[in-house]
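Coordinate analysis (summary)
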Amino acid sequence: MRASQYFLPTLKEAPQEAQIISHQLMLRAGLVAQASAGIYSWLPLGNLVLNNIARIIREEQNRIGAHEVLLPTIQSADLWRESGRFDAYGAEMLRIKDRHDRDMLYTPTAEELMTDLARRFVRSYKELPQIWYQIQWKFRDEIRPRFGVMRGREFYMKDAYSFDLDEASARASYHKMMVAYLRTFARLGLTAVPVRADTGPIGGDLSHEFHIVAKTGESLLYYDKELDRLMQDPSTVDVERLMSLYAMEETMHDASNCPVQAENLNQARGIEVGHIFYFGTKYTEALGATIMDASGKSIHPHMGSYGIGVSRLVGAIIEASHDERGIIWPESVAPFKVALVNLKVGDVACDTMCADLYAQLEKTGVSVLLDDTTQSVGAKLATMDLIGLPWQVRVGPKGLAQGLLEVKNRRSGETQELSAEAVIQMLTERLGA
Ligand code: 5CA
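Worth saying up front: this structure is predicted, and the values here are computed from it rather than measured. (Residues numbered from 1 in each chain as written. Predicted model: local features only at pLDDT ≥ 70, side-chain atom pairs only at ≥ 80, totals over all residues. Heavy atoms only, no water.)

What about the sheet that holds strand β4 (residues 74-76)?
Taken together, the three strands give an open sheet; going across it, the order is β4-β6-β5, and neighbouring strands pair in antiparallel fashion. Sheet topology places β4 and β5 (94-97) at the edges, where each strand pairs with a single neighbour. Direction aside, the axes of adjacent strands within the sheet are offset by 35° on average. Bridge count for β4 against strand β6 (residues 103-106) is three bridges, and the pairing is antiparallel. From the neighbouring strand, Gln75 faces β6, where its bridge partner is Leu105. (Pairing = 2+ DSSP bridges. Helix = DSSP H or I, 4+ residues; strand = E, 2+ residues; numbered from the N terminus. Axes fitted to C-alpha atoms, helices over the stretch in contact; angles between N-to-C directions.)

Pasting the structure below:
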């Protein structure tokens, strides 16, 4: 992409209302623009990040055998009356009337509609287990939307629903999902601590939240320090062991009854980026969803549901990965991998070198934002640091006279002078498709 033709409305100053760094940087870097309270438009750069996060989540859901579906955002109230949640959900649910005066709602979650699909289409234990997921917009009329996309009213969520014959197999699905979450968050460049949680309006008796540790987190967590050590390599984590370690939210933590010695207990603030539930037959009973078990008996399948806040993750990643100059994207989610900065647009040697590098990198699958604007060098470099692409390649007349380009790693700040060939080789090896 050529910056001169792109839509990248960056801001020098963060608007007053943005209180936390991720919100400030998302507005300044032109990722989102507020449409109304708690509702955001996603601009090109932000949309690329959102899609990259969704792709990684999707790959890890598919890996555990979950099937992707797409359910409507506007649903009839009838199913929600069957479960009792049309009334129970309270003011957070956005209720709508259609032209025939029928009650509709903008879905805050999808247990009812997923259970209805199972009720209509799954007949036998032989078809189980099933896990269905979608990546879809949700709406919750939060009383105090804040921190930008972190607590929005409209937000993007991955929500998955598992159906199993009995409690033991439902717990196996829960474990499988936990492994998928650990892999997902690791690929997003994050360490997410699973803590025992309240089940709230979803219901059930087993639930974990996944928290990114960050100073600006809304929740206060208490957890066994052993978790930090375990989570250093989440790919090898033993889920049973992980779940056996003490980790609680403030509301569930009781200092006088805590099994962990004070010196082994961490206290930290966290951002909840995922939440998983096992709630047995709560919805299958309420909606009368049954299947035939092996002995021919009709039973209610056991369910779990599993959420990830996709849009919230954009903010959470920035909270976990930024410096005083701006965002530092992990390579896996960066909107472009490389910022190619032409320091002297109009200089034939610089222009030719940039066009050449751009073509070669894109050919090997490395996405590039070419800064071919006529801003000052200082302004260009500040913008590139702000939007946080993992690598910067700077092409200027002085270096070119010696056949050299400057490559900067945004995270470490390290710079190297390399020939064009060496730049292409290094970046395609690291980032190429
Ligand atoms: N049905 C279950 C699991 S699919 C459910 O809805 N769980 S939830 O209520 O915990 O939401 C799942 C995730 O969505 C949360 O962990 C959080 O990351 C994200 N989320 C929830 N509310 C908001 C909000 N107002 N703004 C942004 N993200 C949110």
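Back to the write-up after that little detour.
Points about the site of the ligand
Taken together, 23 residues lie around the ligand, and Thr109, Glu111, Arg140, Gly152 and Glu272 are the ones closest in. Between Gly152 and the ligand, the recorded distance is 2.8 Å, taken from a backbone N or O atom to a nitrogen atom. In this structure, an oxygen atom belonging to the ligand sits 3.1 Å away from a side-chain N or O atom of His275. Residue assignment for the shell around the ligand shows that the elements contributing at least two residues are β8 (154-164), β13 (265-280) and β16 (302-309). In terms of residues, the shell around the ligand owes the most to one element, β13, which gives five residues. Looking at the shell around the ligand residue by residue, the class counts come to nine nonpolar, seven polar and seven charged. (Near = heavy atom within 4 Å. Polar contact = N/O pair within 3.5 Å; in protein donor to acceptor, adjacent residues only side chain to side chain. Nonpolar A, V, L, I, M, F, W, Y, C, P; charged D, E, K, R; others polar.)

Quick look at the pairing of strand β20 (residues 368-371)
Burial along β20 is two-sided: Val368 and Leu370 facing one way and Leu369 and Asp371 facing the other are all buried. Direction of pairing for strand β19 (residues 338-342) relative to β20: parallel, over a ladder of four bridges. Residue pairing across strands places Ala339 opposite Leu369, the latter belonging to β20. You can see the chain leave β19, run along helix α11 (residues 348-363) and come back into β20, and the turn it takes is right-handed. (Buried < 20%, exposed > 50% of the residue type's maximum accessible area, 1.4 Å probe, protein only. Right-handed = clockwise from strand over helix to strand, strands pointing away.)

Points about the sheet that holds strand β22 (residues 405-409)
The five strands are arranged β20-β19-β21-β22-β23 in an open sheet whose pairing can be described as mixed. At either margin of the open sheet sits one strand with a lone partner, and together these are β20 and β23 (415-418). The sheet shows a mean angle of 20° between the axes of neighbouring strands, taken without regard to direction. Summarising the sheet, β22 and β23 pair through four bridges and their orientation is antiparallel. Its bridge partner lying in β23, Lys408 is registered against Thr415. Each of β19, β20, β21 (391-395) and β22 touches α11; the most contacted strand, β19, lies at about 165° to it. (Contact = heavy atoms within 4.5 Å.)

What about the pattern of salt bridges?
In total, this model carries 33 salt bridges according to the counting rule given. Salt-bridge contacts for Arg325 lead to Asp385; the nearest nitrogen and oxygen are separated by 3.1 Å. Here Asp385 lies in helix α12 (residues 377-387) and Arg325 lies in the loop between β17 (322-323) and β18 (326-327), a separation of 60 residues in the sequence. Look at the salt bridges and you will find they share partners, linking Arg55, Glu59, Glu60, Arg63, Arg183 and Arg187 into a network. (Salt bridge = Lys/Arg side-chain N within 4 Å of Asp/Glu carboxyl O.)

Comments concerning the nonpolar core
The nonpolar side chains of a soluble globular protein tend to be buried with one another. Within the largest apolar cluster, 83 residues are counted, with the highest numbers of intra-cluster contacts made by Ile53, Phe185 and Trp329. Counting residues per element, this core draws most heavily on helix α6 (residues 167-187), which supplies eight residues. Grouped together as the second largest cluster of nonpolar side chains are 25 residues, Met93, Phe163, Phe277 and Ile299 included. (Core = buried A, V, L, I, M, F, W, Y, C linked by side-chain atoms within 4.5 Å.)

Brief notes about the packing of helix α2 (residues 44-63) against helix α10 (residues 310-320)
At a closest axis distance of 9 Å, the pairing of α2 and α10 adopts a crossing angle of 110°. Taken together, the axes of α2 and α10 lie roughly perpendicular to each other. In this structure, the crossing between α2 and α10 has a hand that is right-handed. Where α2 abuts α10, its residues Val49, Leu50, Ile53, Ala54 and Ile57 lie against Val310, Ser311, Leu313, Val314 and Ile317. Looking at side-chain class alone, the contact of α2 with α10 contains nine nonpolar, one polar and no charged residues. (Parallel < 35°, antiparallel > 145°, perpendicular 65-115°, else oblique. Left-handed = near helix turned anticlockwise from the far one by under 90°.)

So, the state of the cysteines
In total, this model carries zero disulfides according to the counting rule given. The thiol of Cys354 is not disulfide-bonded; the next cysteine sulfur, from Cys350, is found 6.5 Å away. (Disulfide = S-S within 2.5 Å.)

Considerations on the domain arrangement of the chain
Domain assignment breaks the chain into domain 1 (3-323) and domain 2 (338-431). Distance from the C-alpha centre of domain 1 to the C-alpha centre of domain 2: 38 Å. Counting residues at the interface gives 12 residues for domain 1, matched by 10 residues for domain 2. Between domain 1 and domain 2 lies a buried interface of about 830 Å² when both sides are counted; carbon and sulfur atoms form 63% of it. The tally of links from domain 1 across to domain 2 stands at one salt bridge. Our enumeration of links across domain 1 and domain 2 arrives at five residue pairs in polar contact (both at pLDDT 80 or more). Taken together, the residues of the side of domain 1 that touches domain 2 sort by class into seven nonpolar, three polar and two charged. (Domains from an automatic or database assignment. Buried area = accessible area lost by both parts, 1.4 Å probe.)

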